[in-house]
Amino acid sequence: SNIVYAAETMVGQVNGMMCIKCQKMVTEALQKACPDATVKVSWPEGVAVSSFEDKSNLTDDDYKEAIAGTGFEVIKVVSVEKIITDAGEARKLVD
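Because the structure is predicted, anything quoted here is derived from the model rather than measured. (Residues numbered from 1 in each chain as written. Predicted model: local features only at pLDDT ≥ 70, side-chain atom pairs only at ≥ 80, totals over all residues. Heavy atoms only, no water.)

Asker: Explain the pattern of salt bridges here, please?
Answerer: Where charged atoms from two side chains of opposite charge come close, those side chains can pair. If you walk through the whole model with that rule in mind, you get four salt bridges. With a closest N to O distance of 3.6 Å, Glu-89 and Lys-82 form a salt bridge. The exposure class of Glu-89 is partly exposed, given its relative accessible area of 33%. The partner of Arg-91 in a salt bridge is Asp-95, and the shortest N-O contact between them spans 2.8 Å. (Salt bridge = Lys/Arg side-chain N within 4 Å of Asp/Glu carboxyl O. Buried < 20%, exposed > 50% of the residue type's maximum accessible area, 1.4 Å probe, protein only.)

Below, the structure written as structure tokens:
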């Protein structure tokens, strides 16, 4: 049987994360905003990544807002229809 997974990953390019504490703040905000997602935030790469096994429960704007609520600037949000968990790969999408 052909099972089609509607996977989605949202990647936010985030400015101003300088340390692991910043990374943790953004991670916690996104875990709250999208509890079903696997969240990976990388301060050296400047990305916040949420991968959903199904469709995201957030629009790009909602996603932006969740991150902006932590005080960091969100340059852009990109959504792709696959699972990405690697920060380096995610970074290439927003560059």
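So that's the structure; there's more coming.
Asker: Is there a simple way to explain the nonpolar core in this structure?
Answerer: Taken as a class, soluble globular proteins show a tendency for nonpolar side chains to be buried jointly. Residues Val-26, Leu-30, Ala-48, Tyr-63 and Ile-67 are the most contacted members of the largest nonpolar core, which totals 19 residues. Going through the elements one at a time, strand E1 (8–15), helix H1 (20–33), strand E2 (38–42), strand E3 (47–52), helix H2 (60–68) and strand E4 (73–80) are the ones with two or more residues in this core. Sequence-distant contacts of Leu-30, that is, excluding residues within four places in its chain, are made with Val-39, Val-41, Ala-48, Ser-50, Tyr-63, Ala-66 and Ile-67. One finds Val-49, Ile-84, Ala-90 and Val-94 within the second-largest nonpolar core, a separate group that totals eight residues. (Core = buried A, V, L, I, M, F, W, Y, C linked by side-chain atoms within 4.5 Å. Helix = DSSP H or I, 4+ residues; strand = E, 2+ residues; numbered from the N terminus. Contact = heavy atoms within 4.5 Å.)

Asker: What exactly am I supposed to notice about the pairing of E1 here?
Answerer: Put simply, side chains in a regular strand alternate between the two faces of the sheet. With seven of eight residues buried, E1 is to be regarded as a mostly interior element. Relative to E3, E1 runs antiparallel, the two sharing six bridges. What sits directly across from Met-10, in E3, is Ser-50. The pairing of E1 with E4 spans seven bridges and is classified as antiparallel. Following the sheet pairing, Val-14 is matched in E4 by Val-74. (Pairing = 2+ DSSP bridges.)

Asker: Can you help me understand helix H3 (residues 87–94) in this one?
Answerer: The α-helix advances 3.6 residues per turn, and as a result positions three or four apart in sequence lie on the same side. Considered for burial, the residues of H3 that qualify are Ala-87, Ala-90 and Val-94. Buried positions in H3, seen along its axis, are confined to an arc of 60° and lie on one side of it. Buried residues along H3 sit in contact with E1, E2, E3 and E4. A distance of 3.3 Å separates the backbone nitrogen of Gly-88 from a side-chain oxygen at the start of H3, and that oxygen is part of Asp-86. (Arc of directions from axis to C-beta. Polar contact = N/O pair within 3.5 Å; in protein donor to acceptor, adjacent residues only side chain to side chain.)

Asker: What should I look at first to understand the packing of H1 against H2 in this one?
Answerer: Each pair of packed helices can be summarised by the angle the axes make with each other and by the distance between the axes. At their nearest, the axes of H1 and H2 sit 8 Å apart, and the two run at 140° to each other. Considered as vectors, H1 and H2 are oriented oblique to each other. The two elements H1 and H2 meet at a crossing, and its hand is right-handed. Residues Val-26, Ala-29, Leu-30 and Ala-33 of H1 form the contact with H2, whose own contacting residues are Tyr-63, Ala-66 and Ile-67. Residues belonging to the contact of H1 with H2 are distributed by class as follows: seven nonpolar, no polar and no charged. (Axes fitted to C-alpha atoms, helices over the stretch in contact; angles between N-to-C directions. Parallel < 35°, antiparallel > 145°, perpendicular 65-115°, else oblique. Left-handed = near helix turned anticlockwise from the far one by under 90°. Nonpolar A, V, L, I, M, F, W, Y, C, P; charged D, E, K, R; others polar.)

Asker: Is there a simple way to think about the side chain of Thr-27 in this case?
Answerer: Locating Thr-27 in the fold gives a position in helix H1. Discounting chain neighbours no more than four positions away, the residues touching Thr-27 are Val-39 and Val-41.

Function cannot be inferred from these measures alone, as they are strictly geometric.
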